[in-house]
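# A look at the structure
Listed below, chain by chain, are the residues.
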2 protein chains.
Amino acid sequence: MKIILGSQSPRRKELMAGLDIPFRVVNIHADESYPLDLRGGDIPQYIAQLKAQAYPEPLAADEVLITADTIVWLDGQVLGKPKDEADACRMLRQLSGKTHQVFTGVCVKTVAGIVECFVEKTDVTFRELTDEEIETYVNKYHPLDKAGAYGVQEWIGYVAVTHLNGSYFNVMGFPIDKIYQVLKKYDF
Amino acid sequence: MKIILGSQSPRRKELMAGLDIPFRVVNIHADESYPLDLRGGDIPQYIAQLKAQAYPEPLAADEVLITADTIVWLDGQVLGKPKDEADACRMLRQLSGKTHQVFTGVCVKTVAGIVECFVEKTDVTFRELTDEEIETYVNKYHPLDKAGAYGVQEWIGYVAVTHLNGSYFNVMGFPIDKIYQVLKKYDF
C-alpha cells in the first residue's frame, strides 16, 4: 500500500520518516471550523475527519491517507495557533505553571472510506515561566504555526516541561506508535 | 561561568545544545562499579558522583561540571548496556509488554565541590513486541551503547513506547529542564 501523509507539519514528516516506511506528503486545504458544542478530544477528531474528506482526489485501491489535527486544551478552552507574537506570549502566560492537555485526532482513510479515527491525549505540565523566558522564546522561535504557541522539541520544551503523562510524540506531532499499529493491523 | 559537560553521549550533547548556552564536552573515565545493595535511582546518582570525582583536573573558579548516569530498572533489576546483539534482544524481550523505570542521576560540580546531585525518574511503557520487531531494530540500530538496549528517539521508541509518565528528555538523555533550573538557580 502507498502511504499518503495529509500534513505539511515538519514534525509529522519526521515522525513518519522514522517508521522506515515510504510515504508521500500532500497538502490538504480544509475548512477547519467545527460545531461549538464539541469539547476536548472531539474537536481534533472532527477536524481530522474534515481533512480526510477534503482530500481532493479519489484514493486508489492501493493508497492509504493519514490526516491529523492537534489542539491544546487548557481549563476547558482551546488554544489554537496564535494570531501574532503578542498572542503567542499571552498563550504561554496562560500555560505557565499549569497542566494542559494535548489532543491529537488521527484519521486513516482508504478507498473504502475512513477505516480508523481515534484521538490521543497527553497531559503536559509547565513550570512557572518568567515573562523574560516567554519573550525570549517567542522572539527567537516565532511559534505562530504551533497550537498553544510552543514546540515541545524546542528550547521551551527543554526548559518548561517538567512532566508528561502519555505519549511524547503526540505532543511533538502525532501518536506515531498508534499510527504504526493501525498500519500493521491492516497490513498496509 | 563556563559549562563543561562530562559526557560523550550524542543525545546529552543535543539536549545541552538546545539550551542555547555555550558549553564544552570532556570525556571522563570513571570506574562505574557501585555497592550491590544500592537500588533504583540510588545507582545512577552514585555513579554520577563517581564521574564528577573522576574529572582529572581541578575546576577553575568560573567552571561548572555536569555529569550524569542513566539506568533502566525493570522488576527490581538493572538493565545496563548490552554486551552484544543477542544480549540486546534479550533485554528488549524483557521490556516487551511491561512498564520500566528510567533513572538518571545528575551531578553539578564547581570548585567548591558537588553543589547539586539529584535523580529523575520516568516510567516507560512498552507494548508487546514481536521477535521480528526486536531483531529488526537490533540489526539496524545496534543499540549497544544504550542502557536497556533502546533509544527512545529511534524507530523502537516510535513503535513500542505507548505511554510515558515523567520527563521524555530524561529517557532520551537527561532531565534537561532540571539542569536548566540548577544553572539558573546558581546564576551559572
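Residues numbered from 1 in each chain as written. Chains lettered and ligands numbered in written order. Predicted model: local features only at pLDDT ≥ 70, side-chain atom pairs only at ≥ 80, totals over all residues. Heavy atoms only, no water.

What follows is about helix α1 (residues 10-17) of chain A. Those residues of α1 of chain A not exposed but buried are Arg11, Arg12, Leu15 and Met16 of chain A. Across the axial projection of α1 of chain A, the buried residues extend over an arc of 135°, all falling on one side. Residues of α1 of chain A that are buried in the fold lie against β1 (2-5), β2 (23-25), β3 (63-74), α6 (168-172) and α7 (176-185) of chain A together with α5 (155-160) of chain B. (Buried < 20%, exposed > 50% of the residue type's maximum accessible area, 1.4 Å probe, protein only. Helix = DSSP H or I, 4+ residues; strand = E, 2+ residues; numbered from the N terminus. Arc of directions from axis to C-beta. Contact = heavy atoms within 4.5 Å.)

Direction of pairing for strand β7 (residues 161-166) of chain A relative to strand β7 (residues 161-166) of chain B: antiparallel, over a ladder of 3 bridges. From the neighbouring strand, Gly166 of chain A faces β7 of chain B, where its bridge partner is Leu164 of chain B. Bridge analysis of strand β6 (residues 113-126) of chain B against β7 of chain B gives 4 bridges, and the strand direction is antiparallel. Of the residues in β7 of chain B, the one forming a bridge with Thr125 of chain B is His163 of chain B. (Pairing = 2+ DSSP bridges.)

A complete count under the given rule lists 34 salt bridges over all chains for this structure. Glu32 of chain B is the partner of Lys51 of chain B in a salt bridge, and the nearest nitrogen-oxygen pair spans 3.9 Å. Taken together, the residues span a long stretch of sequence, with Lys51 of chain B in helix α2 (residues 42-53) and Glu32 of chain B in the loop between β2 (23-25) and α2 at a distance of 19 residues. Accessibility expressed as a relative area gives 40% for Glu32 of chain B, which makes it partly exposed. Between Lys185 of chain B and Glu116 of chain B there is a salt bridge, and its shortest N-O distance comes to 2.6 Å. Residue Lys185 of chain B is located in helix α7 (residues 176-185), and its partner Glu116 of chain B is located in strand β6; the two are separated by 69 residues in the primary sequence. Several salt bridges share partner residues, and in doing so they unite Arg11, Asp145, Lys146 and Glu154 of chain A into one network. (Salt bridge = Lys/Arg side-chain N within 4 Å of Asp/Glu carboxyl O.)

This next bit is on the side chain of Glu154 of chain A. Residue and element names in this part refer to chain A. Structurally, Glu154 is set in the loop between α4 (131-141) and α5 (155-160). Side chain to side chain, Glu154 and Tyr137 meet in a polar contact 2.4 Å long. Side chain to side chain, Glu154 and Lys146 meet in a polar contact 3.3 Å long. (Polar contact = N/O pair within 3.5 Å; in protein donor to acceptor, adjacent residues only side chain to side chain.)

This next bit is on the side chain of Thr70 of chain A. Residue and element names in this part refer to chain A. Looking at the element boundaries, Thr70 is found in strand β3. Of note is the side chain of Thr70, whose polar atom sits 3.0 Å from the side chain of Arg12. One polar contact links Thr70 to Thr104, side chain to side chain, over a distance of 3.0 Å. Setting aside its immediate chain neighbours within four residues, Thr70 contacts Arg12, Pro44, Val102, Phe103, Thr104, Ala147 and Gly173.

Structural measurements only, silent on function.
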